[in-house]
Amino acid sequence: MNRVRLLVMNAALGPLDYRVPDGMSLEPGSVVVAPLGPRQVTGIVWESERLPGTEVPDARLRPLLGALPVPPLRAPLRRLIEWTADYYIASMASVARMALSSSAALRGGGTITEYRLTGALPPRMTPQRDAALSALEGEQGTIRELADLAGVSEAVLRGLVNADCLEAVEVAIDRPFPAPRPDHAPPDLSPGQQEAADRFVDAVKARKFAPMLLDGVTGSGKTETYFEGVAEALRLGRQVLVLLPEIALTQNFLKRFEARFGVAPTVWHSAQKQSDRRRAWRQVSEGGASVVVGARSALFLPFRDLGLIVVDEAHEISFKQDDGVRYNARDVAVMRARFERIPAILASATPALESLQMAEAGVYEKIDLPARFGGAVLPDIRILDLREESPPRGRWLAPSLVKAMEERLERGEQSLLFLNRRGYAPLTLCRQCGYRFQCPNCSAWLVEHRLTRRLACHHCGHQVTSPEACPECGEKDCLAACGPGVERIADEVAEIFPDARTAVVTSDTLSSPDKIGEFVDAAQAGEIDVIVGTQLVTKGYHFPELTLVGVVDADLGLEGGDLRAAERSYQQIAQVAGRAGRAAKPGEVLIQTRHPEAPVIAALAAYDRDAFYEAESDARRNAGAPPFGRWAAIIVSSEDEAEAAEAARKIGGSAPRLDDIAVYGPAPAPLSMLRGRYRYRLLINARRSAALQQTIREWLGPLDHPQGVRVGVDIDPYSFV
Ligand code: ADP
Ligand code: ZN
């Protein structure tokens, strides 16, 4: 009797056993379809000894319905799924779902139907049809993708198909990607770069687990250097995964990759077209995608023969996923490298304290690039004490910063103003009655976006059109914007320098790869004088004419619910400072602050990274915080406030009393309502040696809560809102 145990893609179910019909050949990792009651479910064949479950007698087993035409998930990926579920206290099904992330790809080869304009006009024109016809000029995609693109319903497009204005095109999906050429255009490396590159090449050749921290100042050529490791993997016919923290950085990366290797790499992220994802997934699994560059979700792709993983800007907080499976892609990347027995390179100019600690302990090999490439010098950093030199009333830029910008404008150089706040103003209130605009679903203020004339919640996406009158007292023209966002800074720049060409760079304005590409081209061509941006502009970009960086509010990062606020602030400002003076012309950085004495600011001004990390390490050591101790968070939420409070109290009341684990809370979360759910939090602080996950599982496992209550566990949390 031939039977298999399945990990089924349903978190509510345990492992299930099935009979293998005659003639079906399966192995661990095979992806199959199984009957489940009257329905069907996708499952992965798993080693039964690794997936304990209740034995079902042979006679009661139902036969599998079929095997899907994809290569079996390999053992290293199966081990990664097990490890991730175990470490982050998530269900294996929800982790495995991240590996089977393109349902279309699972259905096997063939074609997909896309549509494009025929040029014909419909017999009856409507405003929506008209809008669709102009938006879809030169585009091709599925009906759903085109509907999104044109901002019309799918029904409108189906109407256009019937009117022969859109035609169907069958697109083959499973063709391999062009192969990058390792020796297309190798750079002349400096001696320091060459030494680092040689280490990467050797590590790739060695085919052993080797975690490496590439610690190089901004502009030192980290990318050029790890590209040599990529080239070696290609020579060996193996695959490479490069993780980037933001989709926004991909465009820039693609260009550099293409210049070095002759063709673009394979891209993977959640905002891609379904057909692109499908092709990428299949070719990753079949080996026809040699280099994949992607967001964190690329980490679970089913590579056929992975030879190297690179995590670029490895300190970035966006590698931490904060919903669903709450994992940190930086850490899981190192685990994947361990299971695959390959090197992992974590590259950063401002490594996380956790990574530095691993290097210090000898677990990670540390590779340094201490100087900028081509003799470029690091920028001069000056502190602007806003208590001594304040901007004029209603303005945010101090006179010396304005003067420095003026000099750049005169010389035809570029300035970058950094403020990590999207929109025009973070709070709007009524001057008459004091009414403040708050999100109905979250305990958060609505942020004014003047470019789109809306008030928006940055937590749940709730939006309203900016009203003319106060909804409370009815008074007209009485709404006042409080505090600055990037749009407001851009307005200020326009008032002071009416002729300056200004670009606002946020996730609102650079919402697609095309827009990012346009921005980068314009900035590189010198068509932009002043860039005003959020953290989106702090990394990755290389604009030779950019010689001034102004940090509008260096104190902002120290507020809010970030458990590593000082470190994050340091990293953000050091990164944005690193955009200045990257080529022949020297750069200057002006940091506006009300707390010049704060260790973060003082360390930045003195270029004393070591001093900052040392002070921060001491503080963390004293607090038992990571990397010296460990944190976990528990988030309890419900649409019913009393229910949430009661569940949190129950969890707090049954907290284990142990010497090596302390539990704080429950307390209302700083963001006490989010998307209509009331939230409570507990913070757990454990010694490194404590059995943290085990304790949490045994603690929360037996507790029952009403249906509407959700209990989330966040291991190694970053944000505490
Ligand atoms: P980092 O990632 O360390 O900030 P980059 O890899 O972006 O640095 O390099 C900074 C700039 O210097 C880039 O424009 C890069 O192309 C250039 N560069 C670095 N090393 C070399 C080299 N060996 N030859 C030519 N250009 C280089
Ligand atoms: Zn909201």
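Counting restarts for each chain, with residues numbered from 1 along the sequence as it is written. Chain letters start at A and ligand numbers start at 1, both assigned in the order the entries are written. For this predicted model, a pLDDT threshold of at least 70 governs which residues receive local features, and a threshold of 80 or more governs which side-chain atom pairs are given and counted, while totals over whole chains, interfaces and linings are taken from all residues. Water and hydrogen atoms were dropped before computing side-chain values, which therefore reflect all heavy atoms in the structure.

> Whenever I open this one, the coordination of the zinc ion (ligand 2) confuses me. Can you help?
Six octahedral donors around a metal ideally sit at 90 or 180 degrees from one another, while four tetrahedral donors ideally sit at 109.5 degrees. All of the protein donors around the zinc ion (ligand 2) are C439 (SG), C442 (SG), C457 (SG) and C460 (SG); their distances to the metal are 2.2 to 2.4 Å. A donor here means an N, O or S atom no more than 2.8 Å from the metal, or no more than 3.2 Å when the metal is Na, K or Ca. Since water is not included, a site may seem to lack partners. Positions of the donor residues of the zinc ion (ligand 2), expressed as sequence spacing, correspond to C-x2-C-x14-C-x2-C. Within this pair, whereas C442 is found in the loop between strand 17 (427-430) and strand 18 (447-449), its partner C457 is found in the loop between strand 19 (454-456) and strand 20 (463-465), the two being separated by 15 residues in sequence. For the pair formed by C442 and C457, the shared burial category is buried. A run of H or I in DSSP counts as a helix once it spans at least four residues, and a run of E counts as a strand once it spans at least two, with each numbered from the N terminus. The classification of residues rests on relative accessible area computed with a 1.4 Å probe and restricted to protein chains. Under 20% of the type maximum is buried, over 50% is exposed, and intermediate values are partly exposed.

> What exactly am I supposed to notice about the pattern of salt bridges here?
Close approach of charged atoms allows side chains of opposite charge to pair. The rule for a salt bridge is simple: a side-chain nitrogen of Lys or Arg has to be within 4 Å of a carboxyl oxygen of Asp or Glu. For the structure on display, the rule yields 47 salt bridges. Here R609 makes a salt bridge to D215, at a shortest N to O gap of 2.6 Å. Here R609, found in helix 18 (residues 609-623), pairs with D215, found in strand 8 (residues 210-216); they are 394 residues apart in sequence, far enough to count as distant. Grouping residues by exposure puts R609 and D215 together as buried.

> Whenever I open this one, the sheet that holds strand 20 confuses me. Can you help?
At least two DSSP bridges between two strands are required for those strands to pair. Pairing is antiparallel across the open sheet formed by three strands, whose spatial order is 18-19-20. Each having just a single partner strand, strand 18 and strand 20 make up the two edges of the open sheet. Mean inter-strand twist for the sheet, computed between neighbouring axes without regard to direction, equals 25 degrees. Pairing of strand 18 with strand 19, which is carried by three bridges, proceeds in the antiparallel orientation. The partner of E448 across the bridge, within strand 19, is L455. Note on geometry: axes are lines fitted to C-alpha atoms, helical ones only across the stretch in contact, with angles between N-to-C directions running from 0 to 180 degrees.

> Just to check I follow, could you spell out the packing of helix 4 (residues 127-135) against helix 6 (residues 154-162) for this structure?
Two quantities define a packed helix pair, namely the angle between the axes and the distance from one axis to the other. The interhelical angle for the contact between helix 4 and helix 6, taken along N-to-C directions, is 80 degrees, at an axis separation of 10 Å. With respect to helix 6, the element helix 4 is oriented roughly perpendicular. Contacts from Q128, R129, A132 and L133 of helix 4 reach helix 6 at V156, L157, G159 and L160. For the contact of helix 4 with helix 6, the class distribution of residues is five nonpolar, two polar and one charged. Roughly parallel covers angles under 35 degrees, roughly antiparallel covers those over 145, roughly perpendicular covers 65 to 115, and oblique covers all other angles. Any two residues whose heavy atoms approach within 4.5 Å at even a single point are treated as in contact. Charged residues are taken to be Asp, Glu, Lys and Arg, nonpolar residues to be Ala, Val, Leu, Ile, Met, Phe, Trp, Tyr, Cys and Pro, and polar residues to be all remaining types, Gly included.

> Explain helix 11 (residues 329-340) to me, please; I cannot follow it from the model alone.
In an α-helix, one turn spans 3.6 residues; hence positions three or four apart end up facing the same way. Here helix 11 is twelve residues long and its end C-alpha atoms lie 16 Å apart, about the 16 Å a rise of 1.5 Å per residue gives. When you tally the buried positions in helix 11, you get nine out of twelve residues, the bulk of the element. The set of residues buried in helix 11 consists of A329, R330, V332, A333, V334, M335, R336, A337 and E340. Looking at the buried positions of helix 11, the neighbouring elements they touch are helix 1 (75-87), strand 8, strand 9 (239-243), strand 12 (306-312), strand 13 (343-348) and helix 12 (353-360). Whenever a nitrogen or oxygen atom comes within 3.5 Å of another N or O atom, the pair is scored as a polar contact, on the condition that within protein one atom can donate a hydrogen and the other can accept it, and that pairs from neighbouring residues in sequence are kept only if both atoms are in side chains. Of the residues that open helix 11, the one with a side-chain oxygen 2.9 Å from the backbone nitrogen of R330 is N328. Given the number of residues in a helix, its expected span is that number minus one, multiplied by 1.5 Å.

> How should I be thinking about the sheet that holds strand 14 (residues 365-369) in this particular structure?
Strand pairing within a sheet occurs via backbone hydrogen bonds; the two strands may be parallel or antiparallel. Taken in spatial order, the seven strands of this open sheet run 10-11-9-12-13-8-14, and their pairing is parallel. Looking at the sheet topology across the chains shown, the edges are occupied by strand 10 (266-268) and strand 14. Across the sheet, the mean angle separating the axes of adjacent strands is 20 degrees when strand polarity is ignored. Note: strand 9 against strand 12, five bridges, orientation parallel. Note on strand 12: the bridge partner recorded for L243 is V311. Along the sheet, helix 9 (residues 250-261) makes contact with strand 9, strand 10 and strand 11 (291-294), crossing strand 11 at roughly 155 degrees.

> What is the right way to look at the UniProt feature "binding site: Zn(2+) 1" (unreviewed entry) in the protein in this model?
UniProt feature "binding site: Zn(2+) 1" (unreviewed entry): in the numbering of this structure it lies at C430, C433, C470 and C473. A compact arrangement is adopted by the annotated residues: their sequence extent is 44 residues, whereas the largest C-alpha distance between any two is 8.6 Å. Residue position: C430 is located in strand 17. Sequence-distant contacts of C430, that is, excluding residues within four places in its chain, are made with Y435, C470, C473, C478 and L479. UniProt positions are given in the numbering used here, feature names are shortened, and annotations may be inferred rather than shown by experiment.

> I keep staring at the environment of K208 and nothing clicks. Help me out?
Relative to the elements of secondary structure, K208 occurs in the loop between helix 7 (191-206) and strand 8. A residue is classified by how much of its surface remains accessible, and K208, at 54% relative accessible area, is exposed. Put simply, K208 and A633 are 425 residues apart on the chain and 34 Å apart in space, counted from C-alpha to C-alpha. Those residues in contact with K208 that lie beyond four places of it in its chain are A203, R341, I342 and P343.

> So what exactly am I meant to see when it comes to the site of ligand 1 here?
The criterion for a residue being near a molecule or strand is simple. One of its heavy atoms has to lie within 4 Å of it. The environment of ligand 1 is made up of 15 residues, and the closest members are D188, G219, K222, E224 and R256. In this structure, an oxygen atom belonging to ligand 1 sits 3.2 Å away from a main-chain N or O atom of T223. In the environment of ligand 1, an oxygen atom lies 3.3 Å from a nitrogen or oxygen atom belonging to the side chain of H542. Considered on its own, ligand 1 offers 550 Å² of accessible surface; in the complex 80% of this is hidden by protein. Residue burial considers only the protein chains on display, and all accessible areas are found by Shrake-Rupley using a 1.4 Å probe.

> Explanation requested: the packing of aromatic side chains in the structure shown.
The geometry of an aromatic ring pair comes down to the distance between the two centres and the angle between the two planes. Aromatic pairing here means that ring centres of Phe, Tyr or Trp (its six-membered ring) are within 6.5 Å. Orientation follows from the plane angle: under 30 degrees is stacked, over 60 is edge-to-face, and everything else is tilted. Within this structure, the stated rule accounts for 17 aromatic pairs. With centroids separated by 5.6 Å and ring planes inclined at 85 degrees, the aromatic side chains of Y226 and F227 adopt a geometry described as edge-to-face. In this structure, Y226 and F227 share a single accessibility class: buried. Measuring from centroid to centroid gives 5.4 Å for F300 and Y327, while their planes differ by 90 degrees, and the two rings are edge-to-face. Separated by 27 residues along the polypeptide, F300 in the loop between strand 11 and strand 12 and Y327 in the loop between strand 12 and helix 11 bring together distant segments of the chain. On the accessibility criterion, F300 (0% relative accessible area) is buried.

> What exactly am I supposed to notice about the domain arrangement of the protein here?
With domains assigned, the protein is organised as domain 1 (3-100), domain 2 (111-172), domain 3 (191-369), domain 4 (380-426 + 483-618) and domain 5 (629-715). Boundaries of every domain are those given by an automatic assignment or by a domain database. With centres defined by C-alpha atoms, the gap from domain 3 to domain 5 works out at 34 Å.

> Could you clarify how one ought to interpret helix 14 (residues 486-496) in this entry?
Within helix 14, burial applies to V486, E487, R488, I489, A490, E492 and V493. Where the residues of helix 14 are buried, they touch helix 13 (399-411), strand 16 (414-418), strand 18, strand 21 (479-482), strand 22 (502-505) and strand 23 (530-533).

> Please explain the packing of helix 5 (residues 143-150) against helix 6 as it appears in this structure.
Between helix 5 and helix 6, whose axes approach to 9 Å, the crossing angle comes to 115 degrees. For the element pair helix 5 / helix 6, the angle class is roughly perpendicular. Crossing hand, helix 5 versus helix 6: right-handed. The residues of helix 6 that touch helix 5, namely those facing I143, R144, L146 and A147, are E154, L157, R158 and V161. When grouped by side-chain class, the residues that make up the contact of helix 5 with helix 6 number five nonpolar, no polar and three charged. Crossing handedness follows the turn of the near helix against the far one: under a right angle anticlockwise gives a left-handed crossing, and clockwise gives a right-handed one.

> What is the right way to look at the pairing of strand 8 in this model?
When a strand is regular, its side chains alternate between the sheet's two faces. Of all the seven residues making up strand 8, seven are buried; the element is thus mostly covered by neighbouring parts of the structure. What you see with strand 8 is no split at all: A210, M212, L214 and G216 on one side and P211, L213 and D215 on the other are buried throughout. One ladder, built from six bridges, connects strand 8 with strand 13; its direction is parallel. Note that in strand 13 the partner of M212 across the bridge is I345. As paired elements, strand 8 and strand 14 share five bridges and run parallel to each other. Bridge pairing links G216 to L369 in strand 14.

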